[in-house]
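Residue-level structural notes
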Amino acid sequence: MDILSIVTQLGSGMLVSIEIFVCTLVFSLPLGLVISFARMSKIKPLQWLAKVYISVMRGTPLMLQLMVVYFGPYYLFGVRISTAYRMIAVMIGFAINYAAYFAEIYRGGIESMPVGQYEAAKLLGYSRVQTFFHIIFPQVVKRILPSVTNEVITLVKDTSLAFVLAVAEMFTIAKQMAASQTTMVPFVAAAVFYYVFNLIVAVGMEKLESKLNYYR
Amino acid sequence: MSLLEVKNLKKSFDGLEVLKDISLTVEQGEVLAIIGPSGSGKSTLLRCCTNLETAEAGEIHYDGEFGLVFQNFNLFPHFSVLKNITDAPLRVQKRKKDEVFTEARELLRKMGLSDKADAYPYQLSGGQQQRVSIARALAMNPQVLFFDEPTSALDPELTGEILKVIKDLAAEHMTMVIVTHEMNFAKNVADHIIFMDKGVIAEQGTPEQVFGSENERMREFLGRLSN
Ligand SMILES: Nc1ncnc2c1ncn2[C@@H]1O[C@H](COP(=O)(O)OP(=O)(O)OP(=O)(O)O)[C@@H](O)[C@H]1O
Ligand SMILES: [Mg+2]
């Protein structure tokens, strides 16, 4: 079996991996912000709920969380789970897990903002929503970008965890091919894929960082 | 009618009485300087007047809008100088774009910063940043402008340029309330001076009255400064 046919077969898995990656970011980045608001809320029960959520999400393995999301509906409510639900379960699992990490990153960034920025905005008559989204948040993004980059790079590698639900992403396919062909080549190809994927992500994030370097 | 009227203002922080029954008025076109030792409550008074703190008792009446110039500028670092000045008039006051920009350019010219319109705050000296923050406050067309030690975060050689800007504003009859440690400046520019000590107004009047006062705390304060 030549490299080209291995790559073609791995290709469909690659697309699934990218799909998981993109969907996770699209859902977890806004969700994380909402959770960080809850975490910083003055309403105690809400704050407490967010605290527990973040603690559980960060304190248990993502692999286990994926299985709970997938098998949970059957064991809890006796719902028959279709195979189509697999991919959805993966998206949900990744999104709620990464949202917890992003929530803490947002919180760190928001709490590091000097109070003078809020006071200046208040004196100039900005509403609370305007102050947050126009004055505070753009500066928070710049501050947290390095931490976000770390998470995003971890996410690229974490997409391989979707294999536990037998979703046909890159790693799952590589594993099957390696087993049936008794060769290491698919694993090497997969490694190259993850590495190149991360290289692209790193370059992209660096571009973004330098784009925000117009101020200090 | 007074532009600002403060009556029997009281404020404490966790049991510590910082303002004890403060009353004052500021008339149209008047420059009021507030002086006094560190911890006497000058900033707290200003923060209560500008709604950054809520007083426990007393009343504050305004005739019109007010602005505040901070000790450490608090410019928005991600906005250019021009955007720092124009954003609130456009976004908050919803004024016309060309009118706001014309006014902002005029303010920059007055502050001697015409060439800095597109710079970012980090590219400016402290004195330039403070002038931008004064322009930002003025762009809202406030009736009263408060200053909390506008020069104390600056190197000594940069304080002069800020004091000059405030003097020019006084000459244009801008109503101002200025907390300052610059006694000569207070003497020269203020119409009225309040000397605060331990949360009360210990002495007040014209510069001549206050600086010639026999008040023991006032003498002690001035003596300490001249040493
Ligand atoms: N947010 C706060 N919480 C608790 N105490 C405060 C707070 N703000 C001010 N104080 C206290 O109130 C008193 C008056 O402070 P304030 O800042 O008004 O003094 P000031 O006259 O402006 O002094 P300075 O000349 O040093 O600026 C001080 O004892 C200060 O410690
Ligand atoms: Mg002060």
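Structure: see above.
Residues numbered from 1 in each chain as written. Chains lettered and ligands numbered in written order. Predicted model: local features only at pLDDT ≥ 70, side-chain atom pairs only at ≥ 80, totals over all residues. Heavy atoms only, no water.

Further remarks concern the packing of helix α4 (residues 84-111) of chain A against helix α6 (residues 128-158) of chain A. Residues and elements named next belong to chain A. As a packed pair, α4 and α6 sit with axes 9 Å apart at the nearest point and diverge in direction by 140 degrees. Between α4 and α6, the angle falls in the class oblique. Regarding α4 and α6, the two cross each other, and that crossing is right-handed. For the pair formed by α4 and α6, the contact residues are Phe 94, Tyr 98, Tyr 101, Phe 102, Ile 105, Tyr 106, Gly 109 and Ile 110 on the first element and Phe 132, Phe 137, Val 140, Arg 143, Ile 144, Ser 147, Val 148, Glu 151, Thr 154, Leu 155 and Asp 158 on the second. Residue composition of the contact of α4 with α6, grouped by class: 13 nonpolar, three polar and three charged. (Axes fitted to C-alpha atoms, helices over the stretch in contact; angles between N-to-C directions. Helix = DSSP H or I, 4+ residues; strand = E, 2+ residues; numbered from the N terminus. Parallel < 35°, antiparallel > 145°, perpendicular 65-115°, else oblique. Left-handed = near helix turned anticlockwise from the far one by under 90°. Contact = heavy atoms within 4.5 Å. Nonpolar A, V, L, I, M, F, W, Y, C, P; charged D, E, K, R; others polar.)

Before going further, it helps to spend a moment on the interface of chain B and chain A. Opposite the 23 residues of chain B that make contact, chain A presents 18 residues. Summed over both sides, the interface between chain B and chain A buries roughly 2,000 Å², with carbon and sulfur atoms accounting for 64% of that surface. Contact with chain A buries area across many residues of chain B, yet B:Phe76, B:His78 and B:Tyr122 alone supply 33% of it, more than any other trio. Counting every contact that joins chain B to chain A gives one salt bridge. When contributions to the side of chain B that touches chain A are tallied by element, the ones reaching two or more residues are β5 (66-69) and α2 (81-91) of chain B. Tallying contributions element by element places α2(B) first for the side of chain B that touches chain A, with four residues. Residues of the side of chain B that touches chain A, tallied by class, amount to 13 nonpolar, five polar and five charged. (Buried area = accessible area lost by both parts, 1.4 Å probe. Salt bridge = Lys/Arg side-chain N within 4 Å of Asp/Glu carboxyl O.)

With that settled, consider the sheet that holds strand β3 (residues 31-35) of chain B. All names here are of chain B. Strand order across the open sheet formed by six strands is β5-β6-β7-β3-β8-β9, with mixed pairing between neighbours. The open sheet has two edge strands with one neighbour each: β5 and β9 (200-205). Sheet twist, expressed as the average angle between the axes of neighbouring strands with direction ignored, equals 20 degrees. Sheet topology places strand β6 (residues 144-148) next to strand β7 (residues 175-179); five bridges connect them, and they run parallel. Along β7, the bridge assignment pairs Phe 147 with Ile 178. The sheet strands contacting helix α5 (residues 156-171) are β3, β6 and β7, and the helix crosses β7 at an angle near 150 degrees. (Pairing = 2+ DSSP bridges.)

Take the site of ligand 1 next. All names here are of chain B. Around ligand 1, the structure places 13 residues, and the nearest of them are Ser 38, Gly 39, Lys 42, Ser 43 and Thr 44. A distance of 3.3 Å separates an oxygen atom of ligand 1 from a polar atom in the side chain of Glu 149. In isolation ligand 1 exposes 640 Å². Once the protein is present, 61% of that is buried. Mapped by element, the contributors of at least two residues to the shell around ligand 1 are β2 (16-27) and α1 (42-49). With three residues, α1 is the largest single contributor of residues to the shell around ligand 1. Here the shell around ligand 1 is composed, by residue class, of four nonpolar, seven polar and two charged. (Near = heavy atom within 4 Å. Polar contact = N/O pair within 3.5 Å; in protein donor to acceptor, adjacent residues only side chain to side chain. Areas by Shrake-Rupley, 256 points an atom, 1.4 Å probe, with all protein chains shown as cover.)

Read these as layout, nothing more, since geometry by itself doesn't imply function.
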